[in-house]
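Coordinate analysis (summary)
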Amino acid sequence: MTAFHQVTARRGNIIDGAGYAKALRDRLAAHVANLKAAHGLTPCLTVVIVGEDPASQVYVKSKGEMTQAIGMESRTIRLPDTTSEDELLKIVDDLNRDPVVNGILVQLPLPKHMSSLKVIDAINPDKDVDGFHVINAGKLAVGLDGIVPCTPLGSLMLLKDAVAAHGDTLAGKSAVIVGRSNIVGKPMAQLLLNQDCTVTIAHSKTKNLAEVCQGADILVAAVGRPKFIAGDWVKDGAYVIDVGINRIEVATPEGPKGKLVGDVDFDGAKDRALAITPVPKGVGPMTIACLLNNTIKAFCLQNKLPVPEGV
Ligand code: NDP
């Protein structure tokens, strides 16, 4: 049983991502307080947002609030969507050189006239708290300690906790990840491989996807399509991590209403799964909690301090 398991509240087999994220933030707040008391220093996260995308604005606001809530310094740089790529690269360069800034996050997606790969590549890998820089992706691929992308890291924490709660281990399990993006699918696959799972990465060209999923002890969905994974694609007793966040419209007596759903048909899957993350309140809250986790790790490495246990 891991320390994480002791703080996780569960309703039946539904993994309480929101509760787990809250407990993680509480532990991080204690680390921040200890760092302040011992060294008089405060970790600082700077988020850069370009343009007015409403979903990105909500995410950035929430990242800033949660950074402050655990006692860290939060800075936000808001730029108009007329900003040129060169101007953004100059700002990233300034942040790389600023000794007060420990973590840099450039909110994606960027406007179409910018290359997100080029911008991410410009971030100092030691301050790349999203873990998207090729140096951090490479470290993960070869099993070195680097900064791991937040959503897969949070998904792994929930999965480890759920597996431990059943007195089980990840080693040797067959894991299927549906989705191969650089930010979720691929790093998730690397993390599970590093945990000695036998990993399959499925994508839009995968044949017989239902059958592939039905063989999975661990099924991770990162597709971006509402309820795409049908209930009967889930093996009895599988662990299911639903990364997807999709907004759909549902009819209500008051008229159509927006609702968030995952990539998995939750109602169809929940009685087959041994444990399953809901949407919302599953993986989503873990992403920001792991961003804070990564900022503390980056701060400690930059200041040559020991990284607190569990971070
Ligand atoms: P991308 O669009 O970058 O990748 C989607 C992946 O799904 C691709 O690899 C694609 O395959 C695959 N795919 C698409 N259609 C099919 C299909 N019919 N059959 C099999 N595979 C398919 O998405 P992201 O990885 O960025 O995000 C995935 C989901 O996770 C989204 O809902 C997103 O909102 C959510 N998300 C949630 C986060 C959180 O905090 N919880 C954070 C990040 C993302 P191919 O490569 O062949 O095109």
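Remember, predicted model here, so these are calculated numbers, not experimental data.

All right, on to the domain arrangement of the protein then. Splitting the protein by domain gives domain 1 (10-17 + 38-148) and domain 2 (150-285). Between the C-alpha centres of domain 1 and domain 2 there is a distance of 25 Å. The interface of domain 1 with domain 2 comprises 14 residues on the first partner and 24 residues on the second. Interface area for domain 1 against domain 2, summed over the two sides, is near 1,500 Å², with a carbon-plus-sulfur share of 62%. At the surface where domain 1 touches domain 2, the tally comes to zero salt bridges.

When two helices pack together, their arrangement is given by the angle between the helix axes and by the axis-to-axis distance. At a minimum axis distance of 8 Å, the contact between helix α7 (residues 150-165) and helix α11 (residues 284-302) shows a crossing angle of 105 degrees. Comparing their axes, α11 and α7 come out roughly perpendicular. Across the interface between the two elements, Cys150, Thr151, Leu153, Gly154, Met157 and Leu158 from α7 touch Met286, Thr287, Cys290, Leu291, Asn293 and Asn294 from α11. Its residues placed into classes, the contact of α7 with α11 shows seven nonpolar, five polar and no charged.

Turning our eyes to something else, we now look at the pairing of strand β3 (residues 103-106). Regular strands place side chains that alternate from one sheet face to the opposite one. Alternating residues of β3 divide into Gly103 and Leu105 and Ile104 and Val106, and every residue in both groups is buried. The pairing of strand β1 (residues 44-50) with β3 spans four bridges and is parallel. Bridged to Thr46 within β3 is Ile104.

Quick look at the pairing of strand β6 (residues 218-221) now. Where burial is concerned, the two faces of β6 agree: the one with Ile218 and Val220 and the one with Leu219 and Ala221 are both buried. Bridge analysis of strand β4 (residues 174-178) against β6 gives four bridges, and the strand direction is parallel. Of the residues in β6, the one forming a bridge with Ile177 is Val220. When β6 meets strand β7 (residues 239-242), the two strands line up parallel, connected through four bridges. Considered in β7, the bridge of Val220 is made with Ile241.

We now examine the pattern of salt bridges. Scanning the entire structure with this criterion turns up ten salt bridges. Across the salt bridge formed by Arg75 and Asp98, the nearest N and O atoms sit 3.6 Å from each other. In this pair, Arg75 sits in strand β2 (residues 73-79) while Asp98 sits in the loop between α4 (85-97) and β3, placing the two residues 23 residues apart along the sequence. We classify Asp98 as partly exposed; its relative accessible area is 21%.

Conventions used here
Per chain, residue numbering runs from 1 following the sequence as it is written. Residue-level local features of this predicted model are given only where pLDDT is at least 70; pairs of side-chain atoms are given and counted only at 80 or more, and the full residue set underlies all totals for whole chains, interfaces and linings. Remark: hydrogens and water are excluded; side-chain values derive from all non-hydrogen atoms of the structure. Where each domain begins and ends is defined by an automated method or by a domain database. The criterion used for residue contact is that any of the two residues' heavy atoms lie within 4.5 Å. Two parts placed together each lose some accessible area; with a 1.4 Å probe, that loss summed over both constitutes the buried area. For salt bridges, the criterion is a side-chain nitrogen of Lys or Arg within 4 Å of an Asp or Glu carboxyl oxygen. Axis lines are fitted to C-alpha atoms, over the contacting stretch for helices. Their N-to-C directions set the angle, which ranges from 0 to 180 degrees. Segments assigned H or I by DSSP are reported as helices when at least four residues long, segments assigned E as strands when at least two residues long, and all are numbered from the N terminus. Here the angle decides the label: under 35 degrees means roughly parallel, over 145 means roughly antiparallel, 65 to 115 means roughly perpendicular, and every other value means oblique. Classification used: nonpolar for Ala, Val, Leu, Ile, Met, Phe, Trp, Tyr, Cys and Pro, charged for Asp, Glu, Lys and Arg, polar for all others including Gly. Partly exposed residues are those whose accessible area sits between 20% and 50% of the maximum for their type, while under 20% is buried and over 50% is exposed, using a 1.4 Å probe and protein chains only. Strand pairing requires that DSSP identify at least two bridges connecting the strands.

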